[in-house]
Amino acid sequence: MLELSHDEKLKLMGTLNWDYLDSPEDMLAVIDGRLESSGAFTQDKLFIRSLERLPWHYVVALWGVEEIKRLYTPEAAARIWPKERRRYFDYALAVLRREPLPPARWGDEHYKSMWRPFLSDRWYSAK
């Protein structure tokens, strides 16, 4: 697992709160559980924001696997934007929790999206 120094964690907090005036030190204290909140950020909001804006290996380094498993609930997943990222985290958390993985998505909608570019009739249609 990736280990981050205190300075590296502070730098990551800067990427999470570039649009807020909250102290990176206070935000780290929220992650560690030493503070209830830091300005606009509670632990839950900070967790969701880190999932949305940080690469996965940094999320794991900041929060730890056990804390991620605890905080990633269906309610938390519903708040992740964009919707596509939810699927990635649902898959990752299923692996971490040793749950059965969702089936491969090779349904009709995926088949048609792959089929279209290869079998387009635009070159062969009568003009």
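As shown above, the structure is provided for reference.
From a predicted model like this one, the values you see are computed outputs, not experimental measurements.

Chemist: I'd love a proper account of the packing of helix α1 (residues 6-16) against helix α2 (residues 24-32), names of residues and values included.
Modeler: Interaxial distance between α1 and α2 falls to 9 Å at its minimum, and their mutual angle equals 100°. Considering their axes alone, α1 and α2 lie roughly perpendicular with respect to each other. Facing His-6, Lys-9, Leu-10, Met-13 and Leu-16 of α1, the residues of α2 in contact are Pro-24, Glu-25, Met-27, Leu-28 and Ile-31. Residue composition of the contact of α1 with α2, by class: 7 nonpolar, 1 polar and 2 charged.

Chemist: Run through a negative patch on the surface, naming residues and quoting values.
Modeler: Together, Asp-7, Glu-8, Glu-25 and Asp-26 make up a negatively charged patch on the protein surface. Of all the secondary-structure elements, those providing two or more residues to the negative patch are α1 and α2. Relative to the elements of secondary structure, Asp-26 occurs in helix α2. Classification of Asp-26 as partly exposed rests on a relative accessible area of 34%.

Chemist: Describe in detail the pattern of salt bridges, supporting the description with residues and values.
Modeler: What the rule picks out here adds up to 5 salt bridges. For the salt bridge of Asp-32 with Arg-34, the shortest nitrogen-to-oxygen distance reads 3.0 Å. Accessibility expressed as a relative area gives 58% for Arg-34, which makes it exposed. Between Arg-87 and Glu-84 there is a salt bridge whose closest N-O contact spans 2.4 Å. Of this pair, Arg-87 and Glu-84 are both found in helix α7 (residues 83-96), 3 residues apart, which corresponds to roughly one turn of the helix.

Rules behind the numbers
- Residues numbered from 1 in each chain as written.
- Predicted model: local features only at pLDDT ≥ 70, side-chain atom pairs only at ≥ 80, totals over all residues.
- Heavy atoms only, no water.
- Axes fitted to C-alpha atoms, helices over the stretch in contact; angles between N-to-C directions.
- Helix = DSSP H or I, 4+ residues; strand = E, 2+ residues; numbered from the N terminus.
- Parallel < 35°, antiparallel > 145°, perpendicular 65-115°, else oblique.
- Contact = heavy atoms within 4.5 Å.
- Nonpolar A, V, L, I, M, F, W, Y, C, P; charged D, E, K, R; others polar.
- Patch = residues over 30% accessible without salt bridge, like charges linked within 9 Å, V, L, I, M, F, W, Y side chains within 5 Å.
- Areas by Shrake-Rupley, 256 points an atom, 1.4 Å probe, with all protein chains shown as cover.
- Salt bridge = Lys/Arg side-chain N within 4 Å of Asp/Glu carboxyl O.
- Lys, Arg positive; Asp, Glu negative; His and termini not counted.
- Charge placed at Lys NZ, Arg CZ, Asp CG, Glu CD.
- Buried < 20%, exposed > 50% of the residue type's maximum accessible area, 1.4 Å probe, protein only.

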